[in-house]
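Notes for the structure review
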Amino acid sequence: MGNLAACCRSFWCKPKNPDIRISLPAVCFVWQIAMIILFGLFVRYDDESDAHWSEHKHKNNITSDIENDFYYRYPSFQDVHVMIFVGFGFLMTFLKRYSFGGVGFNFLIAAFGLQWALLMQGWFHSLDPNDGLIKIGIENIINADFCVAGCLIAYGALLGKVSPVQLMVLTLFGITLFAVEEYIILNVLHVRDAGGSMVIHTFGAYYGLTISWILYRPKLDQSKNLSGSVYHSDVFAMIGTLFLWMYWPSFNSAIADHGDGQHRAAINTYLALAASVLTTFAISSLSAKKGKLDMVHIQNATLAGGVAMGTAAEFMISPYGSLIVGFVCGIISTFGYLVITPFMEKYLKIQDTCGIHNLHAMPGVLGGVVGAITAATASESVYGHEGLVNTFDFEGNYAKRTPATQGGFQAAGLCVALAFGIVGGAIVGFILRLPCCWGDPSDENCFDDEVYWELPEDEESIPPILEYSSHMVGKNTDMMSQSNFTVEQS
Amino acid sequence: MGNLAACCRSFWCKPKNPDIRISLPAVCFVWQIAMIILFGLFVRYDDESDAHWSEHKHKNNITSDIENDFYYRYPSFQDVHVMIFVGFGFLMTFLKRYSFGGVGFNFLIAAFGLQWALLMQGWFHSLDPNDGLIKIGIENIINADFCVAGCLIAYGALLGKVSPVQLMVLTLFGITLFAVEEYIILNVLHVRDAGGSMVIHTFGAYYGLTISWILYRPKLDQSKNLSGSVYHSDVFAMIGTLFLWMYWPSFNSAIADHGDGQHRAAINTYLALAASVLTTFAISSLSAKKGKLDMVHIQNATLAGGVAMGTAAEFMISPYGSLIVGFVCGIISTFGYLVITPFMEKYLKIQDTCGIHNLHAMPGVLGGVVGAITAATASESVYGHEGLVNTFDFEGNYAKRTPATQGGFQAAGLCVALAFGIVGGAIVGFILRLPCCWGDPSDENCFDDEVYWELPEDEESIPPILEYSSHMVGKNTDMMSQSNFTVEQS
Amino acid sequence: MGNLAACCRSFWCKPKNPDIRISLPAVCFVWQIAMIILFGLFVRYDDESDAHWSEHKHKNNITSDIENDFYYRYPSFQDVHVMIFVGFGFLMTFLKRYSFGGVGFNFLIAAFGLQWALLMQGWFHSLDPNDGLIKIGIENIINADFCVAGCLIAYGALLGKVSPVQLMVLTLFGITLFAVEEYIILNVLHVRDAGGSMVIHTFGAYYGLTISWILYRPKLDQSKNLSGSVYHSDVFAMIGTLFLWMYWPSFNSAIADHGDGQHRAAINTYLALAASVLTTFAISSLSAKKGKLDMVHIQNATLAGGVAMGTAAEFMISPYGSLIVGFVCGIISTFGYLVITPFMEKYLKIQDTCGIHNLHAMPGVLGGVVGAITAATASESVYGHEGLVNTFDFEGNYAKRTPATQGGFQAAGLCVALAFGIVGGAIVGFILRLPCCWGDPSDENCFDDEVYWELPEDEESIPPILEYSSHMVGKNTDMMSQSNFTVEQS
């Protein structure tokens, strides 16, 4: 408490009060009602999900319902959906006492974010010029999930240190920034980034890291005993890891071109991820006494190959190219956990709970670079004339763009993503530090579900000294609280 | 024991003997053999899964294998399958000491139910008039999974209080009632209910609640210390929640019309579910001291939007309409957990372990009403002429039905579902109370896996007073059972 | 230690040193670099995943992108992928203290194996005669996952008793043997085995069992207190079971013929699995005091129906035929756990951690036999002329083969699988016993993650006597290690 008092002399700080009974419901209601109104004003079904589809078919000489985009993309959509909610959600359950917050707040902000993303991305990409309405179909909801991924990555850096109200604000601004950044990169610069190495991972990671830097908590070590994992929470986190790992080929191929585009994107990602696993195990073992593996590396760095293939997955990078990307990323990412995260925390004052710098920032940037190089070296001999045009969309205004130019624009896109992440993160971080009823936890309460969740009875009703038995089955709580047992403790 | 003696004076009661060594194997064998015989007599492949498919193609001018219904529906089928076994199964692992029973008995009755459902639904819907045989394909196995869902919902009300033998009987009758009810609603009344707000959720919930009412256990509080959750069991339950939540768009679209029907059903469900999440978090936080969230709400009420979109998902309810449905359901359902479930237990003598009244009954009824209204207000201007005919199947005998009439029939369908649930539940509840070797647990053994499962050794071999350490790693069991440690306890 | 000294007198044995700090990274790096080089030399995209697809379409009069094989098989591929990594991985988390090793090493060897499988299978099946390059597409990556499954089955017998370095070697040889065996069975003998009862399950199981026999550890009971499960590890294992069970229809149909072939394979597998569940519950209950169910049976024997349908799933075995296969397998497999596994351990010196003999070996052999009989009894009246030719691929060199002959070849294929499993296992087992730096654990360290993993702090920092509290939340570690609490222990 003395600490808190001292702290409050600073302009920004006042005693933390993590009561969110008014603020969280208010934010949820206001934003959900706003969504309903905006959807009512702006959002309708597109040609393929509207009941006029049968007329649309006749008009466009479509012979079969199976040509509906739904059948091209729905299986990938569901895989992406699992990555967002179970993948990201369970990956964040690794903390010993923040599993509810990890999976629960992930659920909350993703459910809000996808609605706001449908609007923001819709205004930029799916506006029907005839009636000024956003027309949504399967590709929009995949993109909404993608957009949410950026904010969930940012949450990874802040896990355990912010309130759900702050997360809702982070998401509101994050989605907005994402949509603008994506529009500039994909439409203005005409850059290809099907799996989002740049627009999703680079942006999301630097957005989160910058916010974390601004919200730096110098006394976080007061809650250090909760910042690790326990045996079973690590197994839970592996559920998240594996669903991310397995479905990443769907992530990178979900909005790629029909036919060979989706096909190739899936194969490339599959290979890069496999290579990442081997180098992650290698570096993790190499770095520890007796070669013991570290679960943190296995849970995270094995995924780096998927991040780094986000841009190039649909290109003709060739199978061995994918393996090389995965090989390098597994090494870099594990190395990041070993060296860079502690360095950043100590010297740069950036506290990165899940190590998103290693899993998303570095592999994302690398992915952007790989994409730029692969694009710049593309040729008609490798792609075929038609293939080259299709893959890079060299049509309309861009009919004359060469692969080399495209490579340059890809690199420019990466810079835009970086700039939006850092500048946007700075602004939002500043907002989240404003004196306001954010309800964020005090330093000693970080990483503790106790703050925002009603925990199961058996965890609370027990005298503190007995908490070591908090996983007991509960049957004998009564017996234990009385009698000789407690006597012995005193 | 004195309690039991007293209890036995009543006609119905005799001392409980939860030994199922004869009864469970007998039921499993007899019913499985019956299934084999009935399948041998009645069930064959349909045109699309039979090796004559290639001839069928030629005859019907089908140009490509991709037109096989398998490719339209198999991805959705697999998602539904995950909902049935992992979704429902893990949602029921939340109890601290009934996780085996939750996921295990769910597995057993679903595996039986789907076989019986293929027969019952087959007789009503897929009978080939030429040879009197049931012809099955992908749509039949989706429908069988749907049919099973009704019984699993009912299990939710009874979780921890009945024996597997009782569950098998509940399932046998439940599937039978379901098939009849479904035939009346879908075929006789020509009602649309692709995602089953009425036929699955309303029926299943009232079926289970009525049975629970008849099997009321006045002394259930004797086992109350096992009726809660522990930290990790709540995380397990979130696996169930999330797989239900993520795959619900597949559930509501799995048997909708090819093309725009499936497409629209998925989008509408996606949106309704997202809105439910926000209002669930809002009400949960609003209702508790310091705004602390309750895992029970998050695990359940977030799903209410999916239930309520079951009927209207394939209609042109429009995106904002879906959001409104989800918005309302999240509120109602969370409110139900806060107020209605305790009220029902105290005053109506209905013990509802999983709160299916809040998750399935109320949202299901609401979904039926929403469906009726949406149908009644349908028009050619919104659907297009062809779209209206396709969506509501206004063909053949029903060519002259108007949307307004359809709305009336939809409402009638809801009443049929309610009636079948309540009356059927009363009959089956009565049967399950007959003095017989059901093997159900005594009041003090409810919610305890001990009764029906061999629990891992380390949980049993320890003297009671030491049970608080039942999650120990086991290494030092020996050390502990002897020596000064136990001495201190005595 | 005295034991070890004694042990070392034997030729093979020397003191175990489970340090893998050099060997594991070395193996991972060397093999991954070899993969990159070999992929660079040999592997390219096939027609459907290459950017020349649009030209390929024109040339072959393919009218739509949806005809790309990607859309026929990708959803099934993803399901298979989940089975390999989450299914097998989590099924092996059941041990109380080997969950990291179960899911982690499964991850490692699968990620390596699939790369090597793409090469080995590619050389045999997908070599382009024009340029000598392997051309890969979606079917290749499904087959690579299948190939990996064989090695993961073998791992099941050895779980907890070998080092990751040994597993990498086992996988290298296992994949190689698999590819040769598969080539002989599928191409030389022209046998049908879409779901791999023979090529995957029979081979993999006997490969693993033979290795386990050669690596027999007579003093394994020294670590017996870790060879069981705890409550939550059993629930984790159910995640694996259910994902295997639910997605098995995709496994058996993933590479079946387009159209009715995939459709029928999925339905048959769905039914066989359902029947297995009922007979597993029946036998499990019948065999125990008071009819209590055993989680080991439920986790494993329920899957036997899927294994046994591997060969016959795409045949016209008819729905009731599938139910009979599942019925029988559930019984045999559960019986195996009750009787055969203990017998094998005691008398045949085969230690089979996961009971793969019951889940893969017996049902696999049975599946091969069922396949042979079903093939031998096939007829044009049941399949139609075209259907018969398509299903058994009686084209080209095999245009004159009759169903009866095919049945004989199917039986021959089973023998080949058995022979490769046993002989190959013997060779590899012998290699793994060579005195070398394998880093395998000593008998008393088997089934213990401690050996190869950095365990979460709270498990290590506590004095041994306190380990019973190893699942504590950790908050009060400090308080506990000092003070009166420890005093009492001394």
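Above this text you will find the structure in question.
Residues numbered from 1 in each chain as written. Chains lettered and ligands numbered in written order. Predicted model: local features only at pLDDT ≥ 70, side-chain atom pairs only at ≥ 80, totals over all residues. Heavy atoms only, no water.

When helices and strands are counted, chain A shows 20 helices and five strands. Here chain A, with 490 residues, has 69% of them falling under the buried criterion. (Helix = DSSP H or I, 4+ residues; strand = E, 2+ residues; numbered from the N terminus. Buried < 20%, exposed > 50% of the residue type's maximum accessible area, 1.4 Å probe, protein only.)

Let's shift gears to the sheet that holds strand E2 (residues 127–128) of chain A. Neighbouring strands of a sheet are bound in pairs by backbone hydrogen bonds; such pairs are parallel or else antiparallel. Residues and elements named next belong to chain A. Within the open sheet, the three strands sit side by side as E1-E3-E2. Their pairing is mixed. Of all the strands in the sheet, just strand E1 (43–45) and E2 have a single pairing partner and so form its edges. Sheet topology places E1 next to strand E3 (residues 133–136); three bridges connect them, and they run parallel. Each residue of the ladder has a partner; that of Tyr-45, found in E3, is Ile-136. Strand contacts of helix H2 (residues 23–42): E1 and E3, with the helix running at about 55 degrees to E1, the strand carrying the most contacts. (Pairing = 2+ DSSP bridges. Contact = heavy atoms within 4.5 Å. Axes fitted to C-alpha atoms, helices over the stretch in contact; angles between N-to-C directions.)

This part covers the relation of the copies chain A and chain B. Between the two copies, chain A and chain B, the superposition gives an RMSD of 0.0 Å; the rotation angle is 120 degrees and the shift along the axis is 0.0 Å. On the angle and the small slide along the axis, the relation comes out as a three-fold axis. Comparing interface residues between copies, only 14% of those in chain A also lie at the interface in chain B; the contact surfaces differ. (Least-squares fit on C-alpha atoms with pLDDT ≥ 70 in both.)

Counting from both sides, the interface comprises 92 residues of chain C and, opposite them, 91 residues of chain A. Both sides together, the interface formed by chain C and chain A hides about 7,800 Å², and carbon and sulfur atoms give 70% of it. Among the salt bridges present, the one from Glu-450 of chain C reaches Lys-292 of chain A, with a minimum N-O distance of 3.2 Å. Counting every contact that joins chain C to chain A gives 27 residue pairs in polar contact (both at pLDDT 80 or more). Per-element accounting of the side of chain C that touches chain A gives the leading share, 12 residues, to helix H5 (residues 99–125) of chain C. The residue inventory of the side of chain C that touches chain A, partitioned by class, reads 54 nonpolar, 21 polar and 17 charged. Where strand E4 (residues 293–294) of chain A meets strand E5 (residues 453–454) of chain C, two bridges bridge the pair, whose relative direction is parallel. Within the sheet, the bridge partner assigned to Leu-293 of chain A lies in E5 of chain C and is Trp-453 of chain C. (Buried area = accessible area lost by both parts, 1.4 Å probe. Salt bridge = Lys/Arg side-chain N within 4 Å of Asp/Glu carboxyl O. Polar contact = N/O pair within 3.5 Å; in protein donor to acceptor, adjacent residues only side chain to side chain. Nonpolar A, V, L, I, M, F, W, Y, C, P; charged D, E, K, R; others polar.)

At an RMSD of 0.0 Å, chain C and chain A line up after a rotation of 120 degrees and a shift of 0.0 Å along the axis. A different interface surface on each copy is seen, since only 14% of the contact residues of chain C are contact residues in chain A too.

As a further point, take the packing of helix H9 (residues 231–253) of chain A against helix H9 (residues 231–253) of chain B. Relative orientation of the contacting elements H9 of chain A and H9 of chain B amounts to 20 degrees, with a least axis distance of 10 Å. The orientation of H9 of chain A relative to H9 of chain B falls into the category roughly parallel. The way H9 of chain A lies across H9 of chain B gives a crossing that is right-handed. Taken together, the residues of H9 of chain B that come into contact with H9 of chain A (itself represented by His-232, Ser-233, Phe-236, Ile-239, Phe-243 and Tyr-247 of chain A) are His-232, Val-235, Phe-236, Ile-239, Phe-243 and Tyr-247 of chain B. Classifying every residue of the contact of H9 of chain A with H9 of chain B by side-chain character gives nine nonpolar, three polar and no charged. (Parallel < 35°, antiparallel > 145°, perpendicular 65-115°, else oblique. Left-handed = near helix turned anticlockwise from the far one by under 90°.)

The next thing to look at is the interface of chain A and chain B. On the chain B side, the residues contacting the 91 residues of chain A number 90 residues. Roughly 7,800 Å² of surface becomes buried between chain A and chain B when both sides are summed, with 69% attributable to carbon and sulfur atoms. The interface formed by chain A and chain B holds one salt bridge in total. The tally of links between chain A and chain B comes to 27 residue pairs in polar contact (both at pLDDT 80 or more). Take the side of chain A that touches chain B: its biggest share by element is 12 residues, from helix H5 (residues 99–125) of chain A.

What follows covers the packing of aromatic side chains. Aromatic ring pairs are reported here in terms of the distance separating the ring centres and the angle at which the planes meet. A full pass over the atoms with the stated rule returns 90 aromatic pairs over all chains. Ring geometry for Phe-100 of chain B against Trp-453 of chain B: centres 5.8 Å apart, planes inclined by 75 degrees, an arrangement best described as edge-to-face. Taken together, the residues Phe-100 of chain B in helix H5 (residues 99–125) and Trp-453 of chain B in strand E5 (residues 453–454) connect sequence positions 353 residues apart. Judged by relative accessible area, Phe-100 of chain B falls into the buried class, the value being 0%. Here the aromatic rings of Trp-116 of chain C and Trp-123 of chain C are separated by 6.2 Å at their centres, their planes lie at 80 degrees, and the arrangement is edge-to-face. Residue Trp-116 of chain C is classed as buried on the basis of its relative accessible area of 12%. Classification of Trp-123 of chain C by relative accessible area gives partly exposed; the value is 27%. Grouping aromatic residues by their ring pairs yields a cluster made of Phe-70, Tyr-71, Tyr-74 and Phe-77 of chain A together with Tyr-72 and Tyr-270 of chain B. Positioned above the aromatic ring of Tyr-231 of chain B, the side-chain terminus of Arg-97 of chain A is 3.9 Å from the ring centre. (Phe/Tyr/Trp six-rings, centres within 6.5 Å; stacked < 30°, edge-to-face > 60°. Lys NZ or Arg CZ within 6 Å of the ring centre and 35° of its normal.)

Residue and element names in this part refer to chain C. Within the fold, Lys-16 resides in the loop between helix H1 (2–7) and helix H2 (23–42). Separated by 424 residues in the primary sequence, Lys-16 and Asp-440 have C-alpha atoms spaced 6.7 Å apart. Among all residues touching Lys-16, those that are not within four sequence positions of it are Asp-440, Pro-441 and Ser-442.

Here the structure, examined in full by the defined rule, presents 36 salt bridges over all chains. Linked by salt bridges that have partners in common, Arg-192, Asp-257, Glu-314 and Asp-393 of chain A make up one network.

Residue and element names in this part refer to chain C. Spatially, E1-E3-E2 is the arrangement adopted by the three strands of the open sheet, whose pairing is mixed. Of all the strands in the sheet, just strand E1 (43–45) and strand E2 (127–128) have a single pairing partner and so form its edges. Relative to strand E3 (residues 133–136), E2 runs antiparallel, the two sharing two bridges. Within E3, the residue paired with Leu-127 across the bridge is Ile-134.

Core analysis: the biggest nonpolar cluster contains 428 residues, and Phe-243 of chain A, Phe-243 of chain B together with Phe-243 of chain C have the highest contact counts within it. Those residues in contact with Phe-243 of chain C that lie beyond four places of it in its chain are Phe-243 of chain A, Val-82, Val-86 and Phe-243 of chain B together with Val-82, Met-83 and Val-86 of chain C. (Core = buried A, V, L, I, M, F, W, Y, C linked by side-chain atoms within 4.5 Å.)

With that out of the way, let us pick up the environment of Tyr-155 of chain A. Residues and elements named next belong to chain A. Topologically, Tyr-155 is positioned in helix H6 (residues 138–158). Note on Tyr-155: relative accessible area 0%, which makes it buried. Discounting residues that sit within four places of it in the chain, Tyr-155 has contacts with Met-92, Tyr-98, Gly-101, Gly-102, Phe-105, Asn-106, Ile-109 and Leu-167. Among the polar contacts listed, one links the side chain of Tyr-155 to the backbone oxygen of Gly-101, at a separation of 3.0 Å.

All names here are of chain A. Where helix H4 (residues 69–91) meets H9, the closest approach of the two axes is 8 Å, and the angle between their N-to-C directions is 150 degrees. Between H4 and H9, the interaxial angle falls into the category roughly antiparallel. Two packed elements cross with a definite hand, and for H4 against H9 that hand is left-handed. For the pair H4 and H9, contact is made by Arg-73, Ser-76, Asp-79, Val-80, Val-82, Met-83, Val-86, Gly-87, Phe-88, Phe-90 and Leu-91 and by Phe-236, Ala-237, Ile-239, Gly-240, Thr-241, Phe-243, Leu-244, Tyr-247, Trp-248, Ser-250, Phe-251 and Ser-253, respectively. Split by residue class, the contact of H4 with H9 holds 15 nonpolar, six polar and two charged.

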